[in-house]
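Observations on chain architecture
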Amino acid sequence: MINGRLTVNDVARELKISPTTIHRWYLWWDSALEKPEGLYLPPYERTDGRKIKTFDPKDIKHFKKFQKNLPRGAMAEFNATYVWGKRGQSALDKKGISKAEVKKIIRDARKDI
């Protein structure tokens, strides 16, 4: 905790997932890739000069709901690009999308952050 706010590690511990998963959720969420309706990720604050994302402790319920309601395959293009390696390239090829296209969508969205 930093100044009464939860860090990514605190949230990850509560959800029993890795901090990397939460970082991936936000990288995907902040991109222009398609998202299912009805999902919500709480906003974060950067509370110090180290760019650490922090969250209100009340947001844990939103994270739990997001984790429970995230449909299988919702992050497929993102994961195919950043996580799955050759298998990901094959999946993107079947959809007619290149890794470069997905990376550009994500990179363009990060410029606004």
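Residues numbered from 1 in each chain as written. Predicted model: local features only at pLDDT ≥ 70, side-chain atom pairs only at ≥ 80, totals over all residues. Heavy atoms only, no water.

So, the packing of helix 1 (residues 8–15) against helix 3 (residues 60–69)
Packed helices, taken two at a time, are described by the angle between their axes plus the distance between the axes. Our working rule: Only the stretch in contact is used when fitting a helix axis, every axis being a line fitted to C-alpha atoms; angles between N-to-C directions are given from 0 to 180 degrees. Each helix corresponds to a stretch of at least 4 residues labelled H or I by DSSP, and each strand to a stretch of at least 2 residues labelled E; elements are numbered beginning at the N terminus. We call two directions roughly parallel when the angle between them is under 35 degrees, roughly antiparallel when it is over 145, roughly perpendicular when it lies between 65 and 115, and oblique otherwise. When the near helix sits turned anticlockwise from the far one by under a right angle, the crossing is termed left-handed; a clockwise turn instead gives a right-handed crossing. The contact criterion used throughout is that any non-hydrogen atoms of two residues lie within 4.5 Å. Gly counts as polar in this scheme, as do all residues outside two lists: the nonpolar Ala, Val, Leu, Ile, Met, Phe, Trp, Tyr, Cys and Pro, and the charged Asp, Glu, Lys and Arg.
In the contact formed by helix 1 and helix 3, the axes pass within 11 Å of each other and the chain directions differ by 55 degrees. By the angle class used here, helix 1 and helix 3 are oblique. Along this stretch, helix 1 crosses helix 3, giving a crossing that reads as right-handed. Taken together, the residues of helix 3 that come into contact with helix 1 (itself represented by V11, E14 and L15) are I60, F63, K64 and Q67. For the contact of helix 1 with helix 3, a count of residues per class yields four nonpolar, one polar and two charged.

Observations regarding the packing of aromatic side chains
Centre distance and the angle of the planes are the two values used to describe a pair of aromatic rings. Rules: Here a Phe, Tyr or Trp ring, Trp counted by its six-membered ring, pairs with any other such ring whose centre lies within 6.5 Å, and the pair is stacked when the planes are under 30 degrees apart, edge-to-face when over 60, and tilted otherwise. Look at NZ for Lys and CZ for Arg. If either is within 6 Å of the ring centre and within 35 degrees of the ring normal, a charge sits over the ring.
Applying the stated rule across the entire model yields eight aromatic pairs. On the basis of an interplanar angle of 85 degrees and a centroid distance of 5.2 Å, the ring pair of Y26 and Y44 is categorised as edge-to-face. Placement of the pair is Y26 in helix 2 (residues 19–29) and Y44 in the loop between helix 2 and strand 2 (45–46), with a sequence separation of 18 residues. Connected via pairs of aromatic rings, a cluster forms that spans W25, W28, W29 and F66. Residue placement shows K53 over the ring face of Y44; its charged tip is 4.9 Å from the ring centre.

So, helix 1
Going by this rule: Partly exposed describes any residue whose relative accessible area lies between the buried limit of under 20% and the exposed limit of over 50%, with all areas from a 1.4 Å probe on protein chains only and scaled to the type maximum.
Those residues of helix 1 that fall on the buried side of the exposure criterion are V8, D10, V11, A12 and L15. A positive phi of about 60 degrees marks K16, the residue just after helix 1.

Observations regarding the environment of M75
With respect to the helices and strands, the residue M75 is situated in the loop between helix 3 and helix 4 (76–82). Taking the C-alpha atoms as reference, M75 lies 8.7 Å from E34; in sequence the two are 41 residues apart. Setting aside residues up to four positions removed in sequence, M75 forms contacts with R24, W25, W28 and L70.

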